Structure formats: C-alpha cells, structure tokens
Protein chains: 2
Amino acid sequence: MGERNDYISDAVIRRLPRYYRYLGELLQNGVTRISSGELSEKMGLTASQVRQDFNHFGGFGQQGYGYNVESLYSEVARILGIDQPHNVIIIGAGHIGAALANYPNFEKRGFHVIGIFDNDPALIGTEIAGHVIHADEELPVFIRDNAIDIAVLAIPKVQALKMAELLCDYGIKGIWNFASTDLEIVNPDVIVENVHLTDSIMRLSYKLRNKQERE
Amino acid sequence: MGERNDYISDAVIRRLPRYYRYLGELLQNGVTRISSGELSEKMGLTASQVRQDFNHFGGFGQQGYGYNVESLYSEVARILGIDQPHNVIIIGAGHIGAALANYPNFEKRGFHVIGIFDNDPALIGTEIAGHVIHADEELPVFIRDNAIDIAVLAIPKVQALKMAELLCDYGIKGIWNFASTDLEIVNPDVIVENVHLTDSIMRLSYKLRNKQERE
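These numbers were taken from a predicted model, which means no experiment stands behind them.

J.: Quick one: what's the story with the pattern of salt bridges, residue by residue and with numbers?
T.: Pairing between side chains of opposite charge can happen when their charged atoms approach one another. On inspection of all chains with the given rule, the structure shows 20 salt bridges over all chains. Asp199 of chain B is paired through a salt bridge with Arg21 of chain A; the nearest N and O atoms lie 2.7 Å apart. In this pair, Asp199 of chain B is assigned in helix 9 (residues 197-214) and Arg21 of chain A in helix 1 (residues 10-28), connecting two distinct chains. In terms of burial, Asp199 of chain B and Arg21 of chain A fall into one category: buried. Of the charged contacts, one joins Glu193 of chain A and Arg203 of chain B as a salt bridge, the two residues approaching to 3.1 Å between their closest N and O atoms.

Okay, structure coming up:
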C-alpha cells in the first residue's frame, strides 16, 4: 500500500479513471502483466509519468517485472473508492436525469441508482428505469434511510444552488452536478463534481476554430 | 485582437467556457465593466492568472479600467468559435442521444442539432425533439448536404471507433464522444472531445474516499 503523498494534482486525478478503464480492457483481453512502458504507450504518456502517477499511491510496480494487471486494477479501484458500492439518487427526472438512470455503466462500476426525485406533480409516481419518481419532500427521510452518499443534480441552473444546499443539510456527501453553473457550496464537508456539457462542446468548438486558424 | 500565442495549455482551454458563462451572467445582471481582480475572485483564480489567460489571445483589458464585459464576452465567444453557428448531428438515438437532442443550452450557444441517426429499424422514422431519426446509411449524403461540422457519438463503445472512422471519411471535423472509450482516431484532421461520464463520477468517488481517509 505505502503512504499516500499529500498533494495529488488534478491531472493525476483525471488520469486515474483512464488507467482503470485501460487496465480493465487488458484484464478482459487476458493480459496479466504490463510494463510501465507499455501502459504509458497505451495511455499516451511517458513511462516515467506512469511510474510517478502510481508512486503517489505507493508504487505497485516491481523492477524488471512491471505491473501485475489484476492487482493494479484492484489498487486503482480502491484509490478511486469504487471497491465499495455507492448509493446514488438522481434529482430531476427530465431528459438528462432519465438518461443517467438508464445508463448501464454506473451500475457496473458500483454506483447504484436507488431513487429519482422531481418536483413536477405530473412526473411523481411514474417510473423511469424501474424506479418510481418521488417528490422532493421525501428527500430527507429517503437519504437518511438509504445511506445515500451521492446525489446527481439534473435540474435547471436556477434551482441548483438551493437544492444543493438542502442536500448538504440532508447529509449528502457528494454532488454530481449537471446544472450549468458552478455550485458555490459553502459546506466544506461536501464535494461537488461538475459535468458542464456546454463547456465541453465549447472546448470542441474552440479546438475546431483554433485548427482552422492555423491552416 | 493581437497575436495568438502558440501554446495554450489545457487548463486555460478548460477555463474559457467558464469565463464565457461568468461574463454572460455579468451581462445579464447589467454589469458593464469588471476589473481582473473582481473577475478572478468570481472564477476562483488570481488576478494575474486572469490577465495571463487573456494575454494568450491578445489582452483585451485596459490599465486602470479593467475589462468591458460586453466586448470581452464577444471576444471569448470568438475565441471559442461560437460566434458562428455549428451544425450538429447526433449518432445514436438511445437515452443519452435523446437527452442531448432535448438539451436547450446547445441551441442557445449556436450548436444546432439538425439530424439524429440510429441503426435500429424500430427507431428509424420515429421522432425525437422534432427530428426524424434517420438510418446510418443516410449519413454521407446528409453530412455533405447540410454542412455538418460536429457529430455527437452517443453509441456503445464497441461500435464507436468504426463509426468515428466512417464519420471522418464523410468529412466530419469534430467528434463529441460519449462512448466510454478514448477514440484513437488516425485522422489528424479530426478533433475528438471526450465526455466520459463514468470517469467523472469516479473522480467524485475518488474525492469522497480521499476526504474520508484524511478525516
């Protein structure tokens, strides 16, 4: 295991899920062992970058052998906190909320959607992906009774901050935010991860423009 | 306008859409002028970082005045390539594809979804968000006739690479990839921007675990 260094850069954190995906593919393909050189090539990094990344968490490689794929895969899962399941609720039963409720990859990684909530009376009581849509009023009791740690915010921007603050009060520890705003949560106990879809397509647009200008 | 420096880091590119969002909010609130200090505070950056970011693109600020919000907003739009509209198609009419077709923010930013495609005979001919779902076979003609520059890949991972290669052949310049794989596109003319939703929720899980361990 080794000691975990204090500061892990955002770039390293961004690479961890990619390592996990690649190692999963290697395992599926029956690869049992990989050198840092081979892994780095697959990841588009240098071998020393790969070694440095894992050194933050205690190494895991053996000189002259490389990495055992299965145990590195487990270690990365542990680092990512996905060696244990997460109970997830989705706030907002609109198109994005429904798409996420139906997304098979979350379940596969141990993120179990166990409740969907909306404030629209026309939606409450109907079902998405086998889940009955609950009223927002049921949130505090549901969160407490079902040991929910992650809430997905799939509601409009104008409602997002207020709902996020309520969720903090109800004991949610992580918010996965799809609303198009950076939630300035005052609660230091709560972690927010933003998925700004419009930011992402704008980055694509930026790169297209930038490429045109160079040509 | 000024000269555009050669190398723009990924971190700067990631901040550009955030600047755009913040400046849009300022405009909406009737703010006409802002200092780099105020803008940096809103963004969670230092004032010198803000100035450096914009210096990559020629500056735009005036000593002792700060930034004119409206003109900075337009400049950022131009840098992001969203001062002109983009014609977008969505490949895959499943839950994610449907959610994206229904997402109002894209239209607002000039990303016009003008076609949806699927290979499922049960879906072809039905409608999503007012768009008839076309068969994949129609892609080459549709892309050519409608000056499509961006394709959204909302199909399973196993089909993604092959479809991406076809799209390149058909003349697509940008791929917004929702498939859970890094597309190793061989075509240097095509830009891929990945949205790995599972990576994102794993980063949230990482931060939750990391926080637990420190407590």
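J.: Describe in detail the environment of Leu16 of chain A, supporting the description with residues and values.
T.: Looking at the element boundaries, Leu16 of chain A is found in helix 1. With relative accessibility at 1%, the residue Leu16 of chain A sits in the buried group. Separated by 96 residues in sequence, Leu16 of chain A and His112 of chain A place their C-alpha atoms 21 Å apart. Ignoring any residue separated from it by four or fewer positions in sequence, one finds Leu16 of chain A in contact with Phe57, Val76, Ile79 and Leu80 of chain A together with Tyr206 of chain B.

J.: Give a detailed account of the interface of chain A and chain B, specifying residues and quantitative values.
T.: The interface is formed by 67 residues belonging to chain A together with 67 residues belonging to chain B. Summed over both partners, the interface of chain A with chain B buries about 6500 Å², with 57% contributed by carbon and sulfur atoms. Taken together, the connections running from chain A to chain B amount to 14 salt bridges. Residues Asp83 of chain B and Arg209 of chain A are paired through a salt bridge, measuring 2.7 Å at the closest nitrogen-oxygen approach. One can count 30 residue pairs in polar contact (both at pLDDT 80 or more) joining chain A with chain B. Mapped by element, the contributors of at least two residues to the side of chain A that touches chain B are helix 1, helix 4 (69-79), helix 5 (95-101), helix 6 (104-108), strand 8 (174-177), strand 9 (191-194) and helix 9 (197-214) of chain A. Among the elements that line the side of chain A that touches chain B, the one with the most residues is helix 9 of chain A, at 17 residues. Looking at the side of chain A that touches chain B residue by residue, the classes come out as 29 nonpolar, 15 polar and 23 charged.

J.: Would you mind going over helix 1 (residues 10-28) of chain B in detail, with residue names and values included?
T.: An α-helix turns once every 3.6 residues. As a result, residues three or four positions apart point the same way. For helix 1 of chain B, spanning 19 residues, the distance from its first C-alpha to its last is 28 Å, which sits close to the expected 27 Å at 1.5 Å a residue. Looking at the residues trailing helix 1 of chain B, positive phi occurs at Gly30 of chain B, about 80 degrees.

J.: Give a detailed account of the packing of aromatic side chains, specifying residues and quantitative values.
T.: All names here are of chain A. Inspection of the entire model under this criterion finds 16 aromatic pairs over all chains. Residues Tyr103 and Phe106 carry aromatic rings whose centres are separated by 4.6 Å and whose planes lie at 50 degrees to one another, so their mutual orientation is tilted. Phe106 matches Tyr103 in its accessibility class, with the two residues each being buried. An angle of 85 degrees between the planes, with centres 5.3 Å apart, marks the rings of Phe106 and Trp176 as edge-to-face. In this pair, Phe106 sits in helix 6 while Trp176 sits in strand 8, placing the two residues 70 residues apart along the sequence. Overall, the relative accessible area of 0% leaves Trp176 in the buried class.

J.: Which residues make up the nonpolar core, and what values do they have?
T.: One finds Trp176 and Leu197 of chain A together with Trp176 and Leu197 of chain B to be the most contacted residues of the largest nonpolar core, which totals 107 residues. Excluding residues within four positions of it along the chain, Trp176 of chain A makes contact with Leu100, Phe106, Ala151, Val152, Leu153, Glu193 and Val195 of chain A together with Leu197, Ser200, Ile201 and Leu204 of chain B.

J.: Go over the sheet that holds strand 4 (residues 111-118) of chain A with me, naming the residues and quoting the values.
T.: Residue and element names in this part refer to chain A. With mixed pairing, the seven strands of this open sheet are ordered in space as 5-6-4-3-7-8-9. Strands with a single pairing partner mark the edges of an open sheet, and in this sheet they are strand 5 (127-128) and strand 9. Here strand 3 (residues 86-91) runs beside strand 7 (residues 150-153); their pairing, made up of four bridges, is parallel. The residue bridging Ile89 from the neighbouring strand is Ala151, located in strand 7. Strands strand 3, strand 7 and strand 8 of the sheet are contacted by helix 8 (residues 157-169), whose axis makes an angle of about 170 degrees with strand 7.

J.: So, the side chain of Asp199 of chain B: which residues are in play, and what are the values?
T.: With a relative accessible area of 4%, Asp199 of chain B lands in the buried category. The residues contacting Asp199 of chain B, other than those within four sequence positions of it, are Pro17, Arg18 and Arg21 of chain A.

J.: Could you give an account of the packing of helix 1 of chain A against helix 2 (residues 36-43) of chain A, with specific residues and numbers?
T.: All names here are of chain A. The interhelical angle for the contact between helix 1 and helix 2, taken along N-to-C directions, is 110 degrees, at an axis separation of 11 Å. Classed by the angle they form, the pair helix 1 and helix 2 counts as roughly perpendicular. Remark: the crossing between helix 1 and helix 2 carries right-handed chirality. For the pair helix 1 and helix 2, the contacting residues are Arg15, Arg18, Tyr19, Tyr22, Leu23, Glu25 and Leu26 in the first and Leu39, Lys42 and Met43 in the second.

J.: Could you give an account of the pairing of strand 3 of chain A, with specific residues and numbers?
T.: Regular strands place side chains that alternate from one sheet face to the opposite one. Residues and elements named next belong to chain A. The element strand 3 is largely enclosed, with a buried count of five among its six residues. In this sheet, strand 4 lies alongside strand 3 in parallel orientation, the contact comprising six bridges. Within strand 4, the position partnered with Ile90 by the bridge is Ile116.

What counts and how
- Residues numbered from 1 in each chain as written.
- Chains lettered and ligands numbered in written order.
- Predicted model: local features only at pLDDT ≥ 70, side-chain atom pairs only at ≥ 80, totals over all residues.
- Heavy atoms only, no water.
- Salt bridge = Lys/Arg side-chain N within 4 Å of Asp/Glu carboxyl O.
- Helix = DSSP H or I, 4+ residues; strand = E, 2+ residues; numbered from the N terminus.
- Buried < 20%, exposed > 50% of the residue type's maximum accessible area, 1.4 Å probe, protein only.
- Contact = heavy atoms within 4.5 Å.
- Buried area = accessible area lost by both parts, 1.4 Å probe.
- Polar contact = N/O pair within 3.5 Å; in protein donor to acceptor, adjacent residues only side chain to side chain.
- Nonpolar A, V, L, I, M, F, W, Y, C, P; charged D, E, K, R; others polar.
- Expected span 1.5 Å × (residues − 1).
- Phe/Tyr/Trp six-rings, centres within 6.5 Å; stacked < 30°, edge-to-face > 60°.
- Core = buried A, V, L, I, M, F, W, Y, C linked by side-chain atoms within 4.5 Å.
- Pairing = 2+ DSSP bridges.
- Axes fitted to C-alpha atoms, helices over the stretch in contact; angles between N-to-C directions.
- Parallel < 35°, antiparallel > 145°, perpendicular 65-115°, else oblique.
- Left-handed = near helix turned anticlockwise from the far one by under 90°.

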